[in-house]
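What follows is each chain in one-letter form.
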Number of protein chains: 8
Amino acid sequence: MKKKKSPLVSVVMGSKSDLPVMKETTSILDEFDIPYEIYLTSAHRSPERTRSYSKDLEKRGIKVIIAGAGAAAHLAGVIASNTILPVIGVPIDSTSLHGLDSLLSTVQMPGGIPVATMAIGKAGAKNGALFAIRMLALDDTTLHKTLESYTKRMAKAIEEAQEIL
Amino acid sequence: MKKKKSPLVSVVMGSKSDLPVMKETTSILDEFDIPYEIYLTSAHRSPERTRSYSKDLEKRGIKVIIAGAGAAAHLAGVIASNTILPVIGVPIDSTSLHGLDSLLSTVQMPGGIPVATMAIGKAGAKNGALFAIRMLALDDTTLHKTLESYTKRMAKAIEEAQEIL
Amino acid sequence: MKKKKSPLVSVVMGSKSDLPVMKETTSILDEFDIPYEIYLTSAHRSPERTRSYSKDLEKRGIKVIIAGAGAAAHLAGVIASNTILPVIGVPIDSTSLHGLDSLLSTVQMPGGIPVATMAIGKAGAKNGALFAIRMLALDDTTLHKTLESYTKRMAKAIEEAQEIL
Amino acid sequence: MKKKKSPLVSVVMGSKSDLPVMKETTSILDEFDIPYEIYLTSAHRSPERTRSYSKDLEKRGIKVIIAGAGAAAHLAGVIASNTILPVIGVPIDSTSLHGLDSLLSTVQMPGGIPVATMAIGKAGAKNGALFAIRMLALDDTTLHKTLESYTKRMAKAIEEAQEIL
Amino acid sequence: MKKKKSPLVSVVMGSKSDLPVMKETTSILDEFDIPYEIYLTSAHRSPERTRSYSKDLEKRGIKVIIAGAGAAAHLAGVIASNTILPVIGVPIDSTSLHGLDSLLSTVQMPGGIPVATMAIGKAGAKNGALFAIRMLALDDTTLHKTLESYTKRMAKAIEEAQEIL
Amino acid sequence: MKKKKSPLVSVVMGSKSDLPVMKETTSILDEFDIPYEIYLTSAHRSPERTRSYSKDLEKRGIKVIIAGAGAAAHLAGVIASNTILPVIGVPIDSTSLHGLDSLLSTVQMPGGIPVATMAIGKAGAKNGALFAIRMLALDDTTLHKTLESYTKRMAKAIEEAQEIL
Amino acid sequence: MKKKKSPLVSVVMGSKSDLPVMKETTSILDEFDIPYEIYLTSAHRSPERTRSYSKDLEKRGIKVIIAGAGAAAHLAGVIASNTILPVIGVPIDSTSLHGLDSLLSTVQMPGGIPVATMAIGKAGAKNGALFAIRMLALDDTTLHKTLESYTKRMAKAIEEAQEIL
Amino acid sequence: MKKKKSPLVSVVMGSKSDLPVMKETTSILDEFDIPYEIYLTSAHRSPERTRSYSKDLEKRGIKVIIAGAGAAAHLAGVIASNTILPVIGVPIDSTSLHGLDSLLSTVQMPGGIPVATMAIGKAGAKNGALFAIRMLALDDTTLHKTLESYTKRMAKAIEEAQEIL
């Protein structure tokens, strides 16, 4: 599922069952034409895979990682401890505790290793992509313009919804 | 409290009482020699000040905002809705609910407007700065090196603590 | 959807998906024959629309605002910071956290800018209207009588339900 | 502690130990020169006192009630079920659960009997008064002006705090 | 729905929608042949009905009240403040907060007015009846024996389930 | 610490450190002149002691048990499973979770074995005694009168506090 | 359902309704060919059965117990207080509180009697078996090898899932 | 701080500040004369140190690991993913959320990699050692006897406390 252009963003998830949520991330990246790759690895069940992938990201030209995980969601934190690239965490609601466990496991990182945490679930997966784009747009005038018009269209969509209402 | 070099980071807080927490942010920025400014404004009590400041940030050369707030912590979200710069939110424990209110108010942003949320309190304030540095280091080789050695020193500090133990 | 009489109440919501909940508000307003308007605007996705609407409310003769929102529900708080009219907040259950996030984001306002918070969801949406009516009835003898008989009918409905039981 | 002018606001609390919190309410009412009375009654320990007081409020010219209570905080709800005046509830943090119990007991009112709930503790007690003032200012031009300048001063205080900083 | 024998237990609920849960209470009372009555009254929507009913219970020979309610569940507490009979509270899960609100509103009674709180929902409704029976069995040898054999049968049912397994 | 008269109430606690809380129970029992005994036993650390004590209670003439425990508070539940006497549980705040753990461990009993749960901590310990008294007063005219005047004095104490205020 | 070989693991549950969850435990034990038995007993409804079973475990050659229970989940704790064998607790989500009650009732054991607590529900039931296997593998070279290859296969399964993706 | 005998237990912690809590673990190990080592390493700040240490444990003759950590407590989980030895997790209360974050981060492990979670804080640290001892006593008759008499002394201590009382 790699795009032809060298990927700038890595979308990582701990389990295939996280894909329906993380599709919100890739939809936005597609819409903004950001090259990305999807990587499946578990902090717990495939620690070596997670570690070697994390350590290689920078050399491979990746600029930012968006990691989605549920339960005791350590994935984003483990990646962030193996790279100095910015890591965005998306807590996924996959247990009976409705994402409170994954939220706290992702956001309550100790001082030293930051994870930029988004909302639980689909809203967070979408915003993970949009935050990555805000970062990438700092040095990319075209992307900056696309983001500006996306933001304006969001506001306009509300005006239009009002009219239909 | 502006530094001489034009600030790259804006450290915003909703109340003077948030300063002891947000000093963790500015200490790290000082240590990495990142020019920053401190700005006091409340999403609720000074909405016009918050809005006009947010709208001006980009022109003024700011690259990233770190906003700390407590209670129904809307500050980071309000700034993020008035700029397309990346905004980092630091929930502050300032009510009887021990920061659960500020965490949820900051992190549970709806799809469209992302806030990169850090841990509640001092750990989050420190990590807010470190996340900003991870972003800025993407295009700054010197900063990248400094961040790498900072990260190595953190690991070494643990080995040294072991020895004393 | 404006009524012919100049609206006294503004029913605001952050998303079309909040309408099924906020219908509980408008049903009560219809029952009491209170002129109202429905307005769609997001604190985050359409901040300018929210601000200019909020600032205009008073001139346009609106007496009270009932704002429903989910997730990090900032809508009521943002309106309350842009007008000195009384603002009632209805937290909506729209995330995996079942409205705890929207409740805390709405109710935990810092000192200075009050939001009168109702219960999460439909009960709160209904009570938002009834609270507005309690306020408006202070100066309106007819409304006062209607509210009194509504309240009596509620009590009587329970007696009748007992009999069927 | 009745003021000479006939009171417009009733500040009710369930226990003497709630007074330090509810002083935030009376300070604001004093500042805005709103005549009020303080009344001590418990929903549970003095139900008849609570009931007869609630039923008399309207005749006595009271316009709004601000009720503070902790634990299973039923006071505001009980008053609201005995009068059709608007009732504002202030949850007080008086148990090991830090006010989560009083918040939920106050805010989660069933459809039919609204309680306008404020934040837990002192911020909520202050905002209870400010919300009452927003209501009373609807028909009182002088109060309206005082509230406008209070609101402006709040915003200005932040600018001044910035300068000292 | 009154039984022929004068009722010893009053099963009170705030809304018809609580009946499916409170049927667990009446099933047990039926099984133990305890005369009871079902009464529908809301602490908030029919306060006078609740009060006069509560005040009359003792004269009418009722020994214990089992009150089920959801949301800001004040029903058991209000009854307990209007009678000195023992009152058992059953929190009902009727809002998005899954009964945490009704549990805290029922159990966190301030010192002076006790409510004997059971588990949320059907288990609690069943146990409300069984607790009432434990009380009534203190002075009733027949009931005591029935309760003993009920308790033994419960234990035996598990042994039998094991065998089927 | 046994009283001369044969005890009617057993006050059980899991640890000496629970005594300051459970003193609220014994103070009320002393005030109402109810003979009681204090028993120290842990559901977990002294299971045989807990079991044999529970099984003997009925023969020894005890009518009701009030059990206080913290953390995973199983004491009341274990006693209730070894006797058919009514058992009152007092959750004690003894861990970092502030009594939420002991509350849920005590109140969420499965259908079949009821525990009458009181509020967390001192208010609950006091109410445990008052609930026992409500039960015992069903058959004791003197106790009934004492409880009535206690309840009246509580209400009067509030009136007097008002006057001092 | 006893296996022919003398069982090493006892899988205990409080109710037949827990079986679908605890099947995750027995599936793993089957996969690793560990002899086990399934035992149904309730801490509350069949305390004698629970006690005598717990006291006999050691003589019968059982090495470890895996106990699943919901609500105020005392089963694992009660077993652990009646044997000095290691006891693993699996909290089951069986009430409206989604397993928070069973988690806290199982994990918050006071110092002296440990229960090794797993995640709520199926993940925890599976891990209960895997933890028992980690223990048993300490002295069993064959089991140790099987566990190593199981662990490697888990990691490999992720690589394979990636390829399909 | 290594003992002379080759260590059987590894006591790991993420920060020197966890030592006062983890002393409860080492006190018990000392009391039972179990050789252990203390190791300081952070899942996040020294990931390589954590990994290489975890991978070496088995060869070095360690039988069980007890890992204490606070906040987003990933330490036990990371060790458990790098060894097939049994890992016990002790959540430490080190943030404003009072250990709820470390509890959920430790206990909610996904299926495949188990962590045996103890109570938050000192009780859990003590029980971590006692659980390790229950495991080690399976094959060590002397240790088994010591554990039996420890358990008996615990029960006796309660009887003695009763007498003083």
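It should be noted that the structure appears before, not after, this text.
The shown structure was predicted, so the numbers you read here are calculated from the model rather than taken from an experiment.

Caption draft 1: Summary view of the side chain of C:Glu37. Within the secondary structure, C:Glu37 sits in strand E2 (residues 36–40). One polar contact links C:Glu37 to C:Arg60, side chain to side chain, over a distance of 2.4 Å.

Caption draft 2: Local environment of unusual backbone geometry. Positive phi, close to 60°, is recorded for B:His98, a residue that is not glycine. Following the sequence through the fold, B:His98 ends up in the loop between strand E4 (87–92) and helix H4 (100–107).

Caption draft 3: Highlighting the relation of the copies chain E and chain C. The transform that puts chain E on chain C rotates by 90° and translates by 0.0 Å along the axis, for an RMSD of 0.0 Å. Put plainly, the chains are arranged around a four-fold axis. Here only 7% of the contact residues of chain E are again contact residues in chain C; the copies associate through non-equivalent surfaces.

Caption draft 4: The arrangement of the pairing of strand E4 (residues 87–92) of chain H in detail. All names here are of chain H. For E4, the tally of buried residues reaches six of six residues, placing the bulk of the element in the interior. Neither face of E4 is open: one carries Val 87, Gly 89 and Pro 91, the other Ile 88, Val 90 and Ile 92, and all of them are buried. Handedness of the strand E3 (residues 64–70)-helix H3 (residues 75–80)-E4 crossover: right-handed. Sheet topology places E4 next to strand E5 (residues 116–117); two bridges connect them, and they run parallel. Residue pairing for E5: Ile 88 is matched across the bridge by Ala 116.

Caption draft 5: Geometry of the pattern of salt bridges. Summed over all chains, the structure comprises 48 salt bridges over all chains. Note that B:Arg51 is salt-bridged to C:Glu48, the shortest N-O span being 2.9 Å. Note that B:Arg51 is positioned in helix H2 (residues 47–56) and C:Glu48 in helix H2 (residues 47–56), a pairing that runs across two chains. The residue E:Arg60 makes a salt bridge to E:Glu37 at a minimum N-O spacing of 2.4 Å. With E:Arg60 in the loop between helix H2 (47–56) and strand E3 (64–70) and E:Glu37 in strand E2 (residues 36–40), the pair connects residues that are 23 residues apart, well separated along the chain. Of the residues examined, E:Glu37 reaches a relative accessible area of 2% and is grouped as buried. Residues participating in the shared-partner salt-bridge network are A:Glu48, A:Arg51, A:Lys55, H:Glu48, H:Arg51 and H:Lys55.

Caption draft 6: Quick peek at the packing of helix H4 (residues 100–107) of chain D against helix H4 (residues 100–107) of chain E. Packing of H4(D) against H4(E) brings their axes to within 8 Å, and their N-to-C directions diverge by 105°. On the basis of their axis angle, the class for H4(D) and H4(E) is roughly perpendicular. From H4(D), D:Leu100, D:Asp101, D:Leu104 and D:Ser105 reach across to H4(E), where they touch E:Leu100, E:Asp101, E:Leu104 and E:Ser105.

Caption draft 7: Spatial organisation of the interface of chain E and chain C. In this assembly, 14 residues from chain E lie in contact with 11 residues from chain C. With both sides pooled, the region where chain E packs onto chain C buries about 1200 Å², and carbon together with sulfur makes up 70% of that total. Joining chain E to chain C, the criterion identifies zero salt bridges. Here chain E is connected to chain C by five residue pairs in polar contact (both at pLDDT 80 or more). The element best represented in the side of chain E that touches chain C is E2(E), accounting for three residues. Classifying every residue of the side of chain E that touches chain C gives six nonpolar, five polar and three charged.

Caption draft 8: Geometry of the arrangement of the chains. Regarding chain A and chain E, the two do not touch, and the least distance separating their C-alpha atoms is 12 Å. The two partners chain B and chain F share no contact, and the minimum distance between any of their C-alpha atoms is 12 Å.

Caption draft 9: Representation of the side chain of D:His74 within the structure. Along the chain, D:His74 falls in the loop between strand E3 (64–70) and helix H3 (75–80). Within polar-contact distance, the side chain of D:His74 engages the side chain of D:His44 at 3.0 Å.

Caption draft 10: Structural view of the interface of chain A and chain B. Contacts between the two partners involve 38 residues from chain A, matched on the other side by 38 residues from chain B. Between chain A and chain B, roughly 3400 Å² of surface is buried when both sides are summed, and carbon and sulfur atoms account for 65% of that area. Ranking the residues of chain A by area buried against chain B places A:Ile84, A:Pro114 and A:Arg134 at the top, with a combined share of 23%. The interface formed by chain A and chain B includes zero salt bridges. The tally of links between chain A and chain B comes to 19 residue pairs in polar contact (both at pLDDT 80 or more). Examining the composition of the side of chain A that touches chain B, we find that seven residues originate from one element, helix H5 (residues 122–136) of chain A, more than from any other. Residues of the side of chain A that touches chain B, tallied by class, amount to 24 nonpolar, eight polar and six charged.

Caption draft 11: Representation of the packing of aromatic side chains within the structure. All names here are of chain C. Within the structure shown, the criterion is met by 20 aromatic pairs over all chains. Plain terms: the ring middles of Phe 32 and Tyr 150 are 5.1 Å apart, the flat faces sit at 55° to each other, and that makes the pair tilted. Taken together, the residues Phe 32 in the loop between helix H1 (19–31) and E2 and Tyr 150 in helix H6 (residues 141–164) connect sequence positions 118 residues apart. Taking the relative accessible area as the measure of exposure, Phe 32 reaches 6% and is therefore buried. What makes Tyr 150 buried here is its relative accessible area of 7%.

Caption draft 12: Highlighting the relation of the copies chain A and chain B. With an axial shift of 0.0 Å and an RMSD of 0.0 Å, the rotation relating chain A to chain B amounts to 180°. Put plainly, the chains are arranged around a two-fold axis. Most of the interface of chain A is mirrored in chain B, where 100% of its interface residues again form contacts.

Caption draft 13: Examining a negative patch on the surface more closely. Side chains of A:Asp139, A:Asp140, B:Asp139 and B:Asp140 sit close together on the surface and give a patch of like negative charge. Within the fold, A:Asp140 resides in the loop between H5 and helix H6 (141–164). A:Asp140 sits in the partly exposed class, given a relative accessible area of 31%.

Caption draft 14: Structural detail: the pairing of strand E3 (residues 64–70) of chain C. Residues and elements named next belong to chain C. Counting buried residues in E3 gives seven out of seven residues, a clear majority hidden from the surface. Along E3, one buried face is formed by Val 64, Ile 66, Gly 68 and Gly 70 and the opposite face, lined by Ile 65, Ala 67 and Ala 69, is buried too. Note: strand E1 (residues 9–13) against E3, five bridges, orientation parallel. In the strand pairing of E3, Val 11 is matched with Ile 66. Both E3 and strand E4 (residues 87–92) contribute to a ladder of six bridges, which runs parallel. Paired with Ala 69 across the two strands is Pro 91, which belongs to E4.

Caption draft 15: Focus on the environment of D:Thr83. Checked against the element boundaries, D:Thr83 lands in the loop between H3 and strand E4 (87–92). Along the primary structure D:Thr83 and D:Arg51 are separated by 32 residues, whereas in three dimensions their C-alpha atoms are 9.2 Å apart. In contact with D:Thr83, other than residues within four places in its own chain, are C:Arg134, D:Ser54, D:Glu58 and D:Ile65.

Caption draft 16: View of helix H1 (residues 19–31) of chain E. Residue and element names in this part refer to chain E. Here H1 spans 18 Å end to end across 13 residues, near enough to the 18 Å set by a 1.5 Å rise per residue. Within H1, the full set of buried residues consists of Leu 19, Val 21, Met 22, Thr 25, Thr 26, Ile 28 and Leu 29. Looking at the buried side of H1, the elements it contacts are strand E1 (9–13), E2, E3, strand E4 (87–92), helix H5 (122–136) and helix H6 (141–164). One or two steps after H1, the chain reaches Asp 33, where phi turns positive at roughly 60°.

Rules and cut-offs
- Residues numbered from 1 in each chain as written.
- Chains lettered and ligands numbered in written order.
- Predicted model: local features only at pLDDT ≥ 70, side-chain atom pairs only at ≥ 80, totals over all residues.
- Heavy atoms only, no water.
- Helix = DSSP H or I, 4+ residues; strand = E, 2+ residues; numbered from the N terminus.
- Polar contact = N/O pair within 3.5 Å; in protein donor to acceptor, adjacent residues only side chain to side chain.
- Least-squares fit on C-alpha atoms with pLDDT ≥ 70 in both.
- Contact = heavy atoms within 4.5 Å.
- Buried < 20%, exposed > 50% of the residue type's maximum accessible area, 1.4 Å probe, protein only.
- Right-handed = clockwise from strand over helix to strand, strands pointing away.
- Pairing = 2+ DSSP bridges.
- Salt bridge = Lys/Arg side-chain N within 4 Å of Asp/Glu carboxyl O.
- Axes fitted to C-alpha atoms, helices over the stretch in contact; angles between N-to-C directions.
- Parallel < 35°, antiparallel > 145°, perpendicular 65-115°, else oblique.
- Buried area = accessible area lost by both parts, 1.4 Å probe.
- Nonpolar A, V, L, I, M, F, W, Y, C, P; charged D, E, K, R; others polar.
- Phe/Tyr/Trp six-rings, centres within 6.5 Å; stacked < 30°, edge-to-face > 60°.
- Patch = residues over 30% accessible without salt bridge, like charges linked within 9 Å, V, L, I, M, F, W, Y side chains within 5 Å.
- Areas by Shrake-Rupley, 256 points an atom, 1.4 Å probe, with all protein chains shown as cover.
- Lys, Arg positive; Asp, Glu negative; His and termini not counted.
- Charge placed at Lys NZ, Arg CZ, Asp CG, Glu CD.
- Expected span 1.5 Å × (residues − 1).

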